[in-house]
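Breakdown of the fold
Listed below are the residues making up each chain.
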Protein chains: 2
Amino acid sequence: QALRSDADQRLYDGVLRGELRALAKTITLIESQRPDHRARAEQLIQVLLPHAGHAVRLGISGVPGVGKSTFIEALGLHLIEAGHRVAVLAVDPSSSVSGGSILGDKTRMERLSQDPRAFIRPSPAGQSLGGVAERTREAILVVEAAGYDVVIVETVGVGQSETAVANMTDVFALLQLPNAGDELQGIKKGIMELADVIAVNKADVDAKAAARAKSQLEVALHLMRPTYPDWRVPVLLTSARTGEGVAEFWDTVMRLWQMLADDGRLAAKRQRQAQAWLWEAIDAELKRWFRAHPNVRAALPDVEGSVAAGRSAPIWAARQLLAAAGIDRMRQHKE
Amino acid sequence: QALRSDADQRLYDGVLRGELRALAKTITLIESQRPDHRARAEQLIQVLLPHAGHAVRLGISGVPGVGKSTFIEALGLHLIEAGHRVAVLAVDPSSSVSGGSILGDKTRMERLSQDPRAFIRPSPAGQSLGGVAERTREAILVVEAAGYDVVIVETVGVGQSETAVANMTDVFALLQLPNAGDELQGIKKGIMELADVIAVNKADVDAKAAARAKSQLEVALHLMRPTYPDWRVPVLLTSARTGEGVAEFWDTVMRLWQMLADDGRLAAKRQRQAQAWLWEAIDAELKRWFRAHPNVRAALPDVEGSVAAGRSAPIWAARQLLAAAGIDRMRQHKE
């Protein structure tokens, strides 16, 4: 379909030509919360979609201090050497408070960010985790349409952002520190179950500790149900500083990616992800719409006060607010 | 307000008099998915609400095989001896498939179920976890109105039902098996973080293993952020078979409960739970309403097919379905 304006047509053309300015502007449009910007962004995504989908989508997580940025820079430079174009995006729930902590400081990936074959974009700020994840998911399609053939989505190893990133990428990798207390962190949060590949990073600092961490992780992995029956999650030793294991890490990621691509599991996984995204987007918009409804906003203080005071059962109060928005239990079933 | 019918008035009177028949019928009404039943159930809950809230609400979880039923029976009999009236409810997500596995077989708590001072109700069947949790939350209010002063909500130690139960109870207890592999299960799923009290059950079978499990759990607890700064989560040794530790378990639960009740934290917690329940009920109903909307149902096959085939971006498809239900981004912001 025709785009809404010449400006959007220029963005579209620019993205397809891989122009950094157009790419950055399009993603800024995506991150905007203004309704008119959202409408333009969604149409741009829709028209760019046929040009997207050709990249390897890799999620990378790990607790603060594990050396994610340094590792991703080393990996990115390795990939560029090999002829790839690399986009690095981020899902950082703390950005809603701080305005973006990971990737926010581009100097953390100084060499990679100065290379024209790389595109680095910090986490969108001022949004909920759901919003951050939705915007990043959209940005993946845009950078793919711009010709990047490897998309790395970075996230922090705390909270629920890992699940969001695992649900928008093809392969999910977890970086671990070479000490005992820490891999318990990964286990505790249920993150290890998401990992397709694990790398014990900073392995050069204390080789003995790294080897111990590796075997502890392998024991823990044995207790878990494997995601793929034909893929044993490998635990690699890496060091972004010395470059140890970085090439092997990428080869391992590609071995799994190719295996999934060859027999159709990758396509099926992306289809499931798209389906889940559809319903998440709908439910998120339903919530926004309801909370912004003028009748709901007018009734809310009384209703919430009544629940807080114990005068209204929450389910009763819910029904009052739903009725205020015109959502009636009985009618829906008669229609 | 006036109830809808004489039948509902009889249920209301019967529940307040603590009649088992009226209580069971009211909960059956709550569990029904028929819209007219829901309307009656919600009104009954609302009118019973002023008579509810006086019980100690205790959640109990643990993996299959940990001996939950036997433990709850021993605890229930202990409480009845002490003059309490005990209601046992269940949140079992597997009941949506199997028609109810925990508490489904009343013979598993034979002595307790035959005691007129106890009321045992299996998990509602044929609903999603969200539905099961919502219905159980409603049932808590009803059994409280019927005069039960201890409400135990049992759940299985797998999946997300623990969070749901922790969010509807005052104190959450976790039963653990006395062996090493198993408490890792609890850690892995993030359940241990919910626990206010932990009991290593079946401690009589292997006292040494139980003591080891206790100290391992205490180490793991030290790594976690405490829920209350003035409550160190105790790890008790219990045996439902010998009765060891059951009285101490209850005393421990009550020590925390009283501490929270005394300084207003219990009231604040219940207020937060009610607030969260309000919004969960609204969001669940919005989802149901949207999916049942005739225009959405009519458009869905094409839209989903288009997403699956990669012709529509999920966010674009979401917008089409939302428009079909009359939910328009622009209008909501102008109103």
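Please refer to the structure placed before this passage.
A brief report on the enclosed structure follows. As the structure is a prediction and not an experimental result, all values here were calculated from the model.

Quick notes on the overall build of chain A
From N to C terminus, chain A includes 15 helices and 7 strands. Burial status across chain A gives 56% buried among its 335 residues. A separation of at least 24 residues holds for 74% of the contacts in chain A among residues at least 6 apart in sequence. Of the roughly 14000 Å² that chain A leaves accessible, carbon and sulfur atoms contribute 52%.

Quick notes on the nonpolar core
Where a protein is soluble and globular, its nonpolar side chains tend to be buried together. Of all hydrophobic cores here, the largest spans 227 residues; its most connected members are F249 of chain A together with F249 of chain B. Those residues in contact with F249 of chain B that lie beyond four places of it in its chain are L58, I60, F71, L75, A173, V197, A199 and L236 of chain B.

Some details on helix α11 (residues 246–262) of chain B
Residue and element names in this part refer to chain B. Along its 17 residues, α11 runs 24 Å from first to last C-alpha, staying within 8% of the 24 Å computed at 1.5 Å per residue. All buried positions along α11 are accounted for by V246, F249, W250, T252, V253, L256, W257, M259 and L260. Where α11 ends, the next residue or the one after it, G264, has phi of about 90°, a positive value.

Describing the sheet that holds strand β4 (residues 150–156) of chain A
All names here are of chain A. Overall, parallel pairing links the 7 strands, which are arranged β3-β2-β4-β1-β5-β6-β7 in an open sheet. Where the open sheet ends on each side, the last strands, each with one partner, are β3 (118–120) and β7 (235–237). If you compare each strand with its neighbour and ignore which way they point, the axes differ by 25° on average. Bridge count for strand β2 (residues 86–91) against β4 is 6 bridges, and the pairing is parallel. From the neighbouring strand, L89 faces β4, where its bridge partner is V153. Relative to strand β1 (residues 56–62), helix α11 (residues 246–262) is tilted by about 125°, and along the sheet it contacts β1, β4, β5 (171–176), β6 (197–200) and β7.

A closer look at the packing of aromatic side chains
Residues and elements named next belong to chain A. Evaluation of the coordinates by the stated rule reveals 7 aromatic pairs over all chains. An angle of 90° between the planes, with centres 4.9 Å apart, marks the rings of F71 and F249 as edge-to-face. Residue F71 is found in helix α4 (residues 68–81), and its partner F249 is found in helix α11; the two are separated by 178 residues along the sequence. A relative accessible area of 0% places F71 in the buried class.

Side note on the interface of chain B and chain A
Residue-level contacts link 60 residues of chain B with 60 residues of chain A. Carbon and sulfur atoms supply 68% of the area buried between chain B and chain A, which totals about 6000 Å² over both sides. Connecting chain B to chain A are 8 salt bridges. The interface formed by chain B and chain A includes 14 residue pairs in polar contact (both at pLDDT 80 or more). Elements with a minimum of two residues in the side of chain B that touches chain A: α3 (35–48), α7 (129–145), α9 (180–188), α12 (265–292), α13 (294–308), α14 (314–324) and α15 (329–334) of chain B. Sort the elements by how many residues they give to the side of chain B that touches chain A and α12 of chain B lands first, with 17 residues.

Thresholds applied
- Numbering of residues starts from 1 in every chain and runs along the sequence as written.
- Each chain is given a letter, starting from A, and each ligand a number, starting from 1, according to the order in which they appear as written.
- Where local features are concerned, this predicted model is filtered to residues with pLDDT of at least 70; where side-chain atom pairs are given and counted, the filter is 80 or more; whole-chain, interface and lining totals use all residues.
- With hydrogens and water stripped out, all remaining heavy atoms of the structure feed into the side-chain values.
- Only runs of H or I of at least four residues qualify as helices and only runs of E of at least two qualify as strands under DSSP, and these elements are numbered from the N terminus.
- Classification of residues uses two cut-offs on accessible area relative to the type maximum, computed with a 1.4 Å probe and protein chains only: under 20% is buried, over 50% is exposed, and between them is partly exposed.
- Any pair of residues with heavy atoms lying within 4.5 Å of one another is described as a contacting pair.
- Surface accessibility in these figures is a Shrake-Rupley result with a 1.4 Å probe; residues are shielded only by whichever protein chains are displayed.
- Here the nonpolar core consists of buried residues drawn from Ala, Val, Leu, Ile, Met, Phe, Trp, Tyr and Cys, with membership extended through side-chain atoms lying within 4.5 Å.
- How far a helix is expected to stretch is found by multiplying one less than its residue total by 1.5 Å.
- Here, strands pair whenever DSSP counts at least two bridges between them.
- To define axes, lines are fitted to C-alpha atoms, for helices over the stretch in contact only, and angles between the resulting N-to-C directions are given on a 0 to 180 degree scale.
- Between 30 and 60 degrees the pair is tilted, below 30 it is stacked and above 60 it is edge-to-face, where a pair is any two Phe, Tyr or Trp rings, Trp via its six-membered ring, whose centres lie within 6.5 Å.
- Take the accessible area each of two parts loses on contact, using a 1.4 Å probe, and add the two losses: that sum is the buried area.
- Take a side-chain nitrogen of Lys or Arg and a carboxyl oxygen of Asp or Glu: if they are within 4 Å of each other, that pair is a salt bridge.
- Any pair of nitrogen or oxygen atoms within 3.5 Å is treated as a polar contact; in protein, a donor-acceptor pairing is required on top of that, and neighbouring residues in sequence qualify only through side-chain atoms on both sides.

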